[in-house]
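So the chains spell out like this:
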Amino acid sequence: MQGSARRRPFPAAAPGSPPPAGPLYPGRHGAVKAEDTFKTSPFHLDLWFYFTLQNWVLDFGRPIAMIILPLEWFPLNKPSAGDYFHMAYNVITPFLLLKLIERSPKTLPRSMVYVSIITFVMGASIHLVGDSVNHRLIFSGYQHHLSVRENPIIRNLKPETLIDSFELLYYYDEYLGHSMWYIPFFLILFIYFTGCFTPVAEQSRMPVAAVLLMGPSSLYYWYLVTEGQIFILYIFTFFAMMALVMHQKRKGLVLDSNGLFLFYSFIITLLLIAGWVVWLWNDKILRKKYPGVIYIPEPWAFYTLHMNNLHAAKESF
């Protein structure tokens, strides 16, 4: 009898009751293991560095590469250098996001992560096509600080139904593509952020490398929010982060180095956006293009309005 008692350390489950969660059932997606709370991760310098570098080169650098490189190398009826940058971005970014999720010390909802990554790739691919055509129109005199119908090269198109086609292209580029690209992007960052808490206060410190990397990372997020016109999505993500930090603090948990890096980057981004808006607050032309309550001009709209036009830039190079 004593031997049989040793062989049954757990009481039998009641008929019809669900199986208990834990290590005995590792296949259950989203089940949080008991040891998740006590795991911590060192600062992911390699991933954050590659992530920031490829964001700057492949995303911010796309239109710059198209301007600098000779037009003869990439005819207007062929993909530009920026398009190839965008293709590389659409492959490398979801890969880095998946690697970031893999390093989380907490078991995260895999199904949500997979759906987000799939939507991200689809949205970024839609944006690739629309953005490619829109940037090529710049060489024909298209002005980003004007709406589609107000652009001189579009206004006189015949038949007028062609204007509707260009507005559809603009919709795919600036609205649908951005939504399907950025919503899952920020959702994945937030999902990862939920696992960046530790009960050990000594681990709530950033190394020097993280502090140095925070500037370029924050500046890129500023470009992403302003050029992508996604301030509402960004600010809701930031508020959700703040609410989660306060909620976990009541439990005695603090952000680890990776969580601090992401959280502080978002704070600096907000300060940069505020400075950008204050600087262009009295710009009447940009005010006309962005008439809503939230006034955040796009950097490329500012460029085509106040800087040298792209034809002059091409000739100087």
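Along each chain, residues carry numbers from 1 onward, in the same order as the chain's sequence is written. Whole-chain, interface and lining totals are the exception, using all residues; otherwise, since this is a predicted model, local features are given only for residues with pLDDT of at least 70 and side-chain atom pairs are given and counted only at 80 or more. The side-chain numbers reported here are obtained from all heavy atoms of the structure, hydrogens and water having been left aside.

**Quick word on the packing of aromatic side chains**
Each aromatic pair joins two rings of Phe, Tyr and Trp (for Trp, the six-membered one) with centres within 6.5 Å, and gets the label stacked for planes under 30 degrees apart, edge-to-face for over 60, and tilted for any other angle. Summed over all chains, the structure comprises 35 aromatic pairs. With centroids separated by 4.6 Å and ring planes inclined at 20°, the aromatic side chains of Trp181 and Tyr182 adopt a geometry described as stacked. Exposed residues in this analysis have more than 50% of their type's maximum accessible area, buried residues have under 20%, and partly exposed residues fall in between, with area computed by a 1.4 Å probe over protein chains only. The exposure class of Trp181 is buried, given its relative accessible area of 0%. Assessed through its relative accessible area of 4%, Tyr182 is described here as buried. Any Lys NZ or Arg CZ that is within 6 Å of a ring centre and within 35 degrees of that ring's normal is treated as a charge sitting over the ring. When the ring centre of Tyr295 is taken as origin, the NZ or CZ atom of Arg287, which lies over that ring, is 4.1 Å away.

**Thoughts on the layout of surface pockets**
Taking a probe equal in size to a water molecule and rolling it over the atoms shows the remaining empty space. The pocket and cavity definitions rest on a 1 Å grid over protein atoms only: a 1.4 Å probe that fits but cannot leave marks a cavity, an open set with protein on both sides within 12 Å along at least five of seven lines marks a pocket, and residues lining either have an atom within 4 Å of a point. Grid points are joined across faces, edges and corners, and a volume is the space filled by probe spheres set on the points. Empty space within the largest pocket amounts to approximately 690 Å³. Around the largest pocket, the lining comprises 28 residues; the ones closest to its centre are Tyr170, Tyr175, Gln229, Tyr290 and Glu298. The helix and strand labels rest on DSSP assignments: H or I over at least four residues marks a helix, E over at least two residues marks a strand, and numbering proceeds from the N terminus. Going through the elements one at a time, helix H6 (161–193), helix H7 (208–228), helix H8 (231–250) and helix H10 (284–289) are the ones with two or more residues in the lining of the largest pocket. In terms of residue count, the dominant contributor to the lining of the largest pocket is H6 (seven residues). Here the lining of the largest pocket is composed, by residue class, of 16 nonpolar, seven polar and five charged. Note on residue categories: nonpolar means Ala, Val, Leu, Ile, Met, Phe, Trp, Tyr, Cys or Pro, charged means Asp, Glu, Lys or Arg, and polar means any other residue, Gly included.

**A few points about H7**
If you check H7, its first and last C-alpha atoms are 30 Å apart, about what 21 residues at 1.5 Å a residue would give, namely 30 Å. To get the bend at a residue, fit one axis to the 7 residues ending there and another to the 7 starting there, then take the angle between the axes. The largest bend in H7 comes to about 30°, at Met214, with the proline Pro216 one to four residues further on. One fewer than the residue count of a helix, multiplied by 1.5 Å, yields its expected span.

**Notes on the side chain of Glu298**
Along the polypeptide, Glu298 turns up in the loop between H10 and helix H11 (299–306). The charged-residue count follows a simple rule in which Lys and Arg add positive charge and Asp and Glu add negative charge, with His and chain termini not counted at all. Counted as salt bridges are all cases of a side-chain nitrogen of Lys or Arg within 4 Å of a carboxyl oxygen of Asp or Glu. Buried charge without a salt bridge: Glu298, with Lys289 as the nearest opposite-charge side chain at an N-O distance of 4.1 Å. We define a polar contact as two N or O atoms separated by no more than 3.5 Å, with the added condition that, inside protein, one atom must be a possible hydrogen donor and the other a possible acceptor, whereas residues neighbouring each other in sequence contribute only through side-chain atom pairs. For Glu298, the side chain forms a polar contact with the side chain of Tyr290, separated by 3.0 Å. Non-local contacts of Glu298, meaning those with residues more than four positions away in its chain, are made with Tyr170, Glu174, Thr226, Glu227, Gln229, Trp276, Lys289 and Tyr290. When checking whether two residues touch, look at their non-hydrogen atoms; a contact exists if any pair is within 4.5 Å.

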